[in-house]
Amino acid sequence: MTAATLDRPGAPARRLSPLAGLRNSFTLTWRSVLKIRTNSEDLLGLSLQPIMFLLLFTYVFGGAIAHGSTHRYLQYVLPGILVQTVLFATLGTGLMLNQDISAGIFDRFRSLPIARWAPLAGAIMGDVTRYVISVVITLGFAMVLGFRITTNPLAAVAGCLLVLAFAMAMCWLSALIGMLVKTPQGVQAFGFTAMFPIVFASGLLVPIQTMPGWLQAFAKANPMTLLAAACRGLMTGGPVAVYAGESMLWALGIVVVFAPLAVRAYRRRT
């Protein structure tokens, strides 16, 4: 890891050890967590969005899709909504990064004796809290509606961790969008445009066998389908190993591609 230096005009170069940079990152991670706690609008969105999706999909579409049994559809759709909710939550990474840059916060960070990459790392690690909140609320409210884990608690926890790990990969894509787009409104527009096809053209909400043949081919290769199938197997039973392995390969590929691009865009923007 390259040591970071200060960018203040006229200031002597100061080298920071990787350990010091890691401490800086954890400090800024705590800053991100505090922002979530004090931002009532963000907390409201994290709370209401999964509840709204669960109610709408279960009671508006569930009867038609599951031939009148909303409970059977809830058992099927909950892992998909869990993936969808956390995936949409990753857009907050790019949005908050863009807001901080637009407000000049990162210019202030550059004047501090901290690693230059620490603000980006802190923002991404801090967003894990947002993903955990989304998972807890989604699963908790689903159980209130009647969802039941039919495997075991350990498998269910593994399913949640799998979703969180994939979300950590996707947040690099969100961070890249946040770095490239000029305004927070643009981040939302581009983010949802990128997310909608991979969320709804998948097996998250409906069996892909009901789709036209050409769309089935896309849905089968869609990483969201694989992730939902793995999570579904861990929570309600079914094959897991192949789906989980392919999901993790997709997550690794996303990190390999988008993390360097996000870091490069971050350095150019700041």
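Only a predicted model underlies this, so the values are computations on that prediction, with no experimental measurement involved.

Participant: Explain the overall build of the protein chain residue by residue, including any values.
Facilitator: For the protein chain, the count of helices and strands is 12 helices and 0 strands. The C-alpha radius of gyration computed for the protein chain amounts to 20 Å, which stays within 12% of the reference 18 Å derived for 270 residues, consistent with globular compactness. Of all 270 residues assigned to the protein chain, the portion counted as buried reaches 49%. The contacts in the protein chain between residues at least 6 apart in sequence include a share of 80% that link residues at least 24 apart. Carbon and sulfur atoms provide 69% of the accessible area of the protein chain, an area that totals close to 13,100 Å². Placing the 20 positive and 7 negative side-chain charges of the protein chain at their respective mean positions leaves the two points 4 Å apart.

Participant: Account for the packing of helix α6 (residues 118-126) against helix α7 (residues 128-145), with residues named and values stated.
Facilitator: Between two packed helices, what matters for the description is the angle formed by their axes and the separation of those axes. Interaxial distance between α6 and α7 falls to 4 Å at its minimum, and their mutual angle equals 10°. With respect to α7, the element α6 is oriented roughly parallel. Here α6 contributes Ile 124, Met 125 and Gly 126 to the contact with α7, which in turn contributes Val 128, Thr 129 and Arg 130. For the contact of α6 with α7, the class distribution of residues is 3 nonpolar, 2 polar and 1 charged.

Participant: Account for helix α3 (residues 70-89), naming residues and giving values.
Facilitator: When the local axis directions of α3 are compared, the greatest deviation, roughly 40°, occurs at Val 77, which is followed within four positions by the proline Pro 79. Of all 20 residues in α3, 16 are buried; the element is thus mostly enclosed.

Participant: Give a description of the confidence of the model for the protein chain that names residues and reports values.
Facilitator: The predicted model of the protein chain has a mean per-residue pLDDT of 84, with 92% of residues at 70 or higher. Ranking the elements of the protein chain by mean pLDDT puts helix α5 (residues 105-110) last, at 74, and helix α11 (residues 223-236) first, at 94. In the model, residues 1-14 has pLDDT below 50 throughout and makes 22 contacts with residues more than four positions away in sequence or in other chains.

Participant: Before we move on, could you go through the packing of aromatic side chains and cite the residues and values that matter?
Facilitator: By the definition in use, this model includes 7 aromatic pairs. Judged by centre distance (5.6 Å) and plane angle (40°), the rings of Phe 57 and Phe 61 are tilted. Highlighted residues: Phe 57 and Phe 61, both in helix α2 (residues 40-65), separated by 4 residues, approximately one helical turn. Exposure remark for Phe 61: the relative accessible area of 40% places this residue in the partly exposed category. Note on Phe 192 and Phe 196: the rings are 5.9 Å apart at their centroids and 70° apart in plane angle, and the pair reads as edge-to-face. Taken together, the positions of Phe 192 and Phe 196, both in helix α9 (residues 184-200) and 4 residues apart, correspond to about one turn of that helix.

Participant: Which residues make up the packing of helix α8 (residues 153-180) against α11, and what are the values?
Facilitator: Their axes nearest at 7 Å, the elements α8 and α11 cross at an angle of 160°. Comparing the axis directions of α8 and α11 gives the class roughly antiparallel. Relative to α11, the crossing made by α8 is left-handed. Contact residues: Ala 155, Ala 156, Ala 158, Gly 159, Cys 160, Leu 162, Val 163 and Phe 166 in α8; Pro 223, Met 224, Leu 227, Ala 230, Cys 231, Leu 234 and Met 235 in α11.

Participant: Which residues make up α9, and what values do they have?
Facilitator: Owing to its 3.6 residues per turn, the α-helix brings residues three or four apart onto one side. In this model α9 runs 24 Å from its N-terminal to its C-terminal C-alpha over 17 residues, within 8% of the 24 Å that 1.5 Å per residue would give. Residues of α9 that are buried make contact with α3, α4 (91-102) and α8.

Procedures and definitions
Residues numbered from 1 in each chain as written. Predicted model: local features only at pLDDT ≥ 70, side-chain atom pairs only at ≥ 80, totals over all residues. Heavy atoms only, no water. Helix = DSSP H or I, 4+ residues; strand = E, 2+ residues; numbered from the N terminus. Rg over C-alpha atoms; globule rule 2.2 N^0.38 Å. Buried < 20%, exposed > 50% of the residue type's maximum accessible area, 1.4 Å probe, protein only. Contact = heavy atoms within 4.5 Å. Areas by Shrake-Rupley, 256 points an atom, 1.4 Å probe, with all protein chains shown as cover. Lys, Arg positive; Asp, Glu negative; His and termini not counted. Charge placed at Lys NZ, Arg CZ, Asp CG, Glu CD. Axes fitted to C-alpha atoms, helices over the stretch in contact; angles between N-to-C directions. Parallel < 35°, antiparallel > 145°, perpendicular 65-115°, else oblique. Nonpolar A, V, L, I, M, F, W, Y, C, P; charged D, E, K, R; others polar. Bend = angle between axes of the 7 residues up to and from the residue. pLDDT = per-residue confidence, 0-100. Phe/Tyr/Trp six-rings, centres within 6.5 Å; stacked < 30°, edge-to-face > 60°. Left-handed = near helix turned anticlockwise from the far one by under 90°. Expected span 1.5 Å × (residues − 1).

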